Structures are given as C-alpha cells and as structure tokens.
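Fold and contact review
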Amino acid sequence: ALGAAECQERLGNLEQAAEHAAQAYQYFADARSPLGRGNAAQRLGAMLHRLHRRSEARDWLVQARAAFTEAGNPMAVLPAINPLCHALTLVGLRGESETICRTLLAQQAHGQGKPRRIAWPARVVLGIVRYEADDLVEARRELEAGFEAARLMGVGRPLLGWAISY
C-alpha cells in the first residue's frame with residue numbers, strides 16, 4: 001500500500017495517495033511495526049500537508065515522530081521535520097515546533113556538543129521558526145549553519161529552495 005501511495009503521489013493523485021498511505025499505516029499497526037507505522041504516517045502527513053489539510057498533517061507527522069522514537073530511530077524523523085514543523089507553526093504551535101527542532105538537534109549532537117551535519121533540516125527549520133518569532137540573530141545563525149551543513153553534505157540549492165526566501 002505504501003508503494004501504491006508513492007505511485008499515486010508521483011501521478012499527482014494526492015487524495016488517492018493519502019488513502020493508500022492510510023491503508024499502509026493500518027497494515028503496519030496490525031503488524032506491530034513502529035518503523036513501518038512511522039514511514040506510513042510520515043508519508044501520509046506530508047501528503048496531507050501538500051493538500052493544505054494542515055491540522056490532519058500535523059497529527060500524522062506527530063504520530064510519525066512518536067513511532068520513529070518508539071522504533072529507536074529518531075533520525076528517521078529528519079525528512080519529516082520541515083512539513084511537521086511548518087504544520088505546527090501554521091496552527092499556532094510555534095513553541096512545539098521549536099521544541100521538536102531543539103530536541104532533534106540535541107539527539108544528533110556529536111562529542112563536541114554540536115549537531116551532526118545530517119541534522120541540517122532541523123537547523124534550517126529552527127532558523128525559520130526563530131525568524132518568524134522575530135529572533136533574527138538566532139534565525140540567521142541557524143539558517144547559515146544549516147545551509148553550510150547541507151552544502152558540505154552535497155545538498156544543493158534546488159533541494160533547499162523551500163527555505164531560501166528566509
């Protein structure tokens with residue numbers, strides 16, 4: 001069902017893709033697979049976000065985060081950090097969005113206490129959240145650090161386009 005969701009998403013049929021992702025979530029829930037639930041919930045949340053169903057998207061992305069944490073793989077939530085935190089901010093939960101970013105950055109810290117490069121999405125999103133809170137100093141610091149980490153990982157401007165306007 002998750003493969004069918006991806007196919008429908010590529011065809012632009014987001015409603016059908018969301019239905020397939022919801023079916024996949026139920027299959028993984030029945031199989032008691034937290035990693036599978038996390039993947040399906042993340043996919044469904046991202047699709048609902050694209051459909052501008054922000055409140056539903058937020059709920060699914062929060063479930064994805066919980067499932068990945070339950071599976072012992074909190075890093076898996078990094079790809080969902082942008083739609084999750086964007087949805088949280090849009091429904092007035094900027095503080096929760098910031099907490100999620102800071103928690104992920106703390107979890108991804110190496111021995112020197114700085115976040116690993118792989119956590120660049122959380123740094124960029126935290127920068128955006130701080131920008132929207134009018135903390136321009138921290139916003140700039142996090143955005144620059146996030147963009148630099150992404151650049152060092154080979155992530156280019158096309159992938160970062162969603163954040164460039166900040």
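About the criteria used
- Residues numbered from 1 in each chain as written.
- Predicted model: local features only at pLDDT ≥ 70, side-chain atom pairs only at ≥ 80, totals over all residues.
- Heavy atoms only, no water.
- Helix = DSSP H or I, 4+ residues; strand = E, 2+ residues; numbered from the N terminus.
- Rg over C-alpha atoms; globule rule 2.2 N^0.38 Å.
- Buried < 20%, exposed > 50% of the residue type's maximum accessible area, 1.4 Å probe, protein only.
- Contact = heavy atoms within 4.5 Å.
- Lys, Arg positive; Asp, Glu negative; His and termini not counted.
- Charge placed at Lys NZ, Arg CZ, Asp CG, Glu CD.

**Brief notes about the overall build of the protein**
Of the regular secondary structure elements, the protein holds 9 helices and 0 strands. In sequence order, the secondary structure elements of the protein are arranged as α-α-α-α-α-α-α-α-α. Against the 2.2 N^0.38 benchmark of 15 Å for 166 residues, the protein shows a C-alpha radius of gyration of 16 Å, consistent with a compact globule. Structurally, the protein occupies a C-alpha span of about 45 × 30 × 30 Å along its principal axes. In the protein, which comprises 166 residues, the share counted as buried stands at 42%. Pairs at least 24 residues apart make up 51% of the contacts formed inside the protein by residues separated by at least 6 positions. Side chains of the protein carry 20 positive and 17 negative charges; the gap between the two charge centres is 6 Å.

**Digging into unusual backbone geometry**
Positive phi values are uncommon outside glycine, yet Arg32 reaches one of about 60°. Note on placement: Arg32 falls in the loop between helix H2 (14-30) and helix H3 (34-50). Of note in the backbone geometry, Asp134 takes a positive phi value of approximately 70° without being a glycine. Residue Asp134 is classed as exposed on the basis of its relative accessible area of 64%.

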